[in-house]
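Report on the structure
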Amino acid sequence: EAENARAESERRRQLLVDERDQHKRTERRLVATRGVVTRTKRRIAAGACPKCHARFPDLKEHMHAEHPEYVQHLANPMKPQ
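To start, this report covers the structure provided alongside it. What you are looking at is a predicted structure, and each value in this text was computed from that prediction instead of being measured.

**Considering the packing of helix α2 (residues 59–66) against helix α3 (residues 68–75)**
Running from amino to carboxyl end, α2 crosses α3 at an angle of 105°, the nearest separation of the two axes being 5 Å. As summarised for this structure, α2 and α3 are arranged roughly perpendicular, according to the angle between their axes. When α2 is examined against α3, the residues M63, H64, A65 and E66 are found in contact with a partner set consisting of P68, E69, Y70 and V71. A breakdown of the residues in the contact of α2 with α3 according to their chemical character gives 5 nonpolar, 1 polar and 2 charged.

Following this line, the structure appears as structure tokens:
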């Protein structure tokens, strides 16, 4: 009985450790994703194309003319490409 209780306690402890590790990995991925989003937003605000990285005075016109599939994807992000 005591052996079963110790084994169960160890199993639960290990599950907790695994969950904490998974949480830390998820938080690091979230921070990295936020960085990418922030960097992309700043580049777009400065007129840089998120696809070809060139700068354009009228980025919206460039996107519609040169990258219509990207614009369409942004309009329907859940639709598979």
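Now that the structure is up, let's keep going.
**Some details on the environment of F56**
On the secondary structure map, F56 appears in the loop between α1 (2–45) and α2. Classification of F56 as partly exposed rests on a relative accessible area of 27%. Sequence separation between F56 and D18 is 38 residues, and the spatial gap between their C-alpha atoms is 48 Å. Not counting chain neighbours up to four residues away, the residues in contact with F56 comprise G47, C49 and H62.

Rules and cut-offs
- Residues numbered from 1 in each chain as written.
- Predicted model: local features only at pLDDT ≥ 70, side-chain atom pairs only at ≥ 80, totals over all residues.
- Heavy atoms only, no water.
- Axes fitted to C-alpha atoms, helices over the stretch in contact; angles between N-to-C directions.
- Helix = DSSP H or I, 4+ residues; strand = E, 2+ residues; numbered from the N terminus.
- Parallel < 35°, antiparallel > 145°, perpendicular 65-115°, else oblique.
- Contact = heavy atoms within 4.5 Å.
- Nonpolar A, V, L, I, M, F, W, Y, C, P; charged D, E, K, R; others polar.
- Buried < 20%, exposed > 50% of the residue type's maximum accessible area, 1.4 Å probe, protein only.

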